[in-house]
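Analysis of the macromolecular model
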Amino acid sequence: MQVDKRLYHKQFRSNLLLSILSGVMLFLAFPGLGLYPLAWVALVPLLIALRKTKPRSSLFWGLVTGFIFFGGLLYWISLFGYLPWALLALIEAVSVTVFALLAGLSMRRGRFAVLTVPALWTAVEYLRSLGMFGFTWGDLAYSQARWLSIIQAASITGPWGVTFLIVMLNTAIALAIIDFKKARLQLVVTAGVIFLTAAGGAVSISITHHRIIPDKTVAMVQGGIEMRWRDAGLSEKIYKTYWPITEKLGRGVDFIVWPESALPDYLLLSPSLQKEMSILARNSGAHILAGGQCVKLDEHADHGYREYNGAYLIDPKGKIIGDYYKAHLVPFGEFVPGRNWLPLINNYRIRDVDYSPGTGYYILRSKNGNIGVMICFESIFPQIGRTFTKNGADVLFVITNDSWFGNTAAAAQHHDFSVFRAVENRRYVARNAATGITSLISPTGEVIKSAGLGEKSVVRGKLSMIGGKTIYTKYGDWFAWLSMAIGLIGLIRGDAKPDVPYIQMGHPH
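Quick look at the structure, then. As the structure is a prediction and not an experimental result, all values here were calculated from the model.

**Considering the sheet that holds strand 11 (residues 447-451)**
Strand order in the open sheet formed by six strands is 6-7-8-9-10-11, with mixed pairing between adjacent strands. Since the sheet does not close on itself, it has two edges, and those belong to strand 6 (364-366) and strand 11, each with one partner. Across the sheet, the axes of successive neighbouring strands diverge by a mean angle of 15°, strand direction being ignored. In the packing of helix 12 (residues 382-390) onto the sheet, the strands contacted are strand 7 (369-375) and strand 8 (395-400), and the crossing angle to strand 7 comes to about 160°. Against the sheet, helix 13 (residues 410-425) touches strand 7, strand 8, strand 9 (429-433), strand 10 (438-441) and strand 11, its axis set at about 165° to strand 9.

Structure (structure tokens):
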């Protein structure tokens, strides 16, 4: 009896430490520290902990790992209050909890865990990205934004294929630690697959570089001023910042890009602002893309009008030739679901009036090519970048206002999504952030030029309007669906009985 208790407590402490270690390594793989190689081993401790625990215990260890992972990754949410931070971390941790339950079953009962476990993680990540509450922060692929050769696979599989490879190596290492003789072949094969993927990616980068000749010039104005709550003082700062910088650009630029919310007034309701923007465009001889709010009267809306988060394209003749309104809004940031039933919502700085979503992901057409515009939060979803490209976008522009997050790692984390949007669709991505990070990204994910946090700067470079469609652009999230199928088959067709005895987490008898 006493021996059993000691064994139980020892195993509990061991699994707790393993779960914590996985959570810590996972968030350290992302910016701020960005120790991205850690992602390839970060799940190993958790998977070892899951090997000998019952499903109920697997849920607990997954929750521990998930909460530490997302709590550390999303620490910057605490700027809006510790309660929103804790709730979001807990909600996102559910995905790791579900994975732990399924992975534990797969590792114990299946013969092909090296495939089913990564398939299950990938499937859970994909499901987490769907719907109005979709959220892709923490998807493992994005930790690898600096390893260009490996992420070229995203042009075929989307980010899901990169995630699969990461978890596949984690699983192979965990299985090898548990029983090296049985798992050594799987470890060797996994390492070979990763090597071949990276080698193929390197070849793909070389081919893409030789195929593309940049011939258009873009200038992205990073004003370096915080644009949070609108007031007269902010409008004055915008005038004193964006106008002088833009006027100094001179001619010879094809596109000038301002960030999200950079217009100091409602463009469509302000003839004076329209005139001033028209003069800027005519003097520069460039197309100007600028983010700004829009108000439209609507008697059916709660306040008699609807407000949108938009972007406007002005041609070199000074005419507004296109507008796009953000279609995927930020829950609790740009709209509040069930606002009337949330009594605590007024304790936090939330918009009094919800933004309305735009009508879809439509491109803006210009004589220089077709443009897909992703506004802030939209850039974190591979499906949105793909839809713009499939609809005919020759280039992707991301405009965002990350000044809400100060000097935290949120800006760098947000930036890395755009690297994947470039690779997935083989398009240049011109990303303008109000306070940084602004960058020009090549179709292979290389950051050609950039401006850091808080800088007042112009990021100027060459890009090309690119036609054609990648496998991912054509067929979308096929790999995520394949992963779901592999995961399900592995669970259904697993061995009837576990091959090792469970160690029950709970009070010992």
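**Quick notes on the sheet that holds strand 12 (residues 457-463)**
The strand order across the open sheet formed by six strands is 5-4-3-2-1-12, and the pairing between neighbours is mixed. Both edges of this open sheet fall to strand 5 (320-325) and strand 12, since each of them pairs with a single strand only. This sheet shows a mean twist of 30° between the axes of neighbouring strands, independent of strand direction. The pairing of strand 3 (residues 287-297) with strand 4 (residues 305-314) spans ten bridges and is antiparallel. In the strand pairing of strand 4, Gly291 is matched with Ala311. Of the strands in this sheet, strand 2 (255-257), strand 3, strand 4 and strand 5 touch helix 11 (residues 271-284), which is tilted by about 165° from strand 3.

**Observations concerning the packing of aromatic side chains**
One pass over the full model with this rule turns up 28 aromatic pairs. When the centroid spacing of 6.0 Å and the interplanar angle of 85° are considered together, the rings of Phe80 and Phe405 count as edge-to-face. Here Phe80, found in the loop between helix 3 (55-73) and helix 4 (82-109), pairs with Phe405, found in the loop between strand 8 and helix 13; they are 325 residues apart in sequence, far enough to count as distant. When the centroid spacing of 5.2 Å and the interplanar angle of 85° are considered together, the rings of Phe377 and Phe381 count as edge-to-face.

**Quick word on helix 9 (residues 180-211)**
Compared with the 46 Å implied by 1.5 Å per residue over 32 residues, the 45 Å span of helix 9 between its first and last C-alpha is a close match. Within helix 9 the residues assigned to the buried category are Ala183, Thr190, Ile194, Ala198, Gly201, Ile205 and Thr208. Against the buried residues of helix 9 lie helix 5 (113-128), helix 6 (148-151) and helix 8 (159-178).

**Points about unusual backbone geometry**
Looking along the chain, the bond that leaves Pro31 and enters Gly32 is cis, with omega of 15°. By the secondary structure assignment, Gly32 is in the loop between helix 1 (2-28) and helix 2 (44-50). Geometrically, the link from Gly436 to Ile437 is a cis peptide bond, its omega value of 10° lying close to zero. Relative to the helices and strands, Ile437 resides in the loop between strand 9 and strand 10. Phi at Cys376 takes a positive value of approximately 50°, unusual for a residue other than glycine. Relative to the assigned elements, Cys376 resides in the loop between strand 7 and helix 12. Positive phi, close to 50°, is recorded for Arg426, a residue that is not glycine. Mapped onto the fold, Arg426 is located in the loop between helix 13 and strand 9.

Reading the values: rules and limits
Residues numbered from 1 in each chain as written. Predicted model: local features only at pLDDT ≥ 70, side-chain atom pairs only at ≥ 80, totals over all residues. Heavy atoms only, no water. Pairing = 2+ DSSP bridges. Helix = DSSP H or I, 4+ residues; strand = E, 2+ residues; numbered from the N terminus. Axes fitted to C-alpha atoms, helices over the stretch in contact; angles between N-to-C directions. Contact = heavy atoms within 4.5 Å. Phe/Tyr/Trp six-rings, centres within 6.5 Å; stacked < 30°, edge-to-face > 60°. Expected span 1.5 Å × (residues − 1). Buried < 20%, exposed > 50% of the residue type's maximum accessible area, 1.4 Å probe, protein only.

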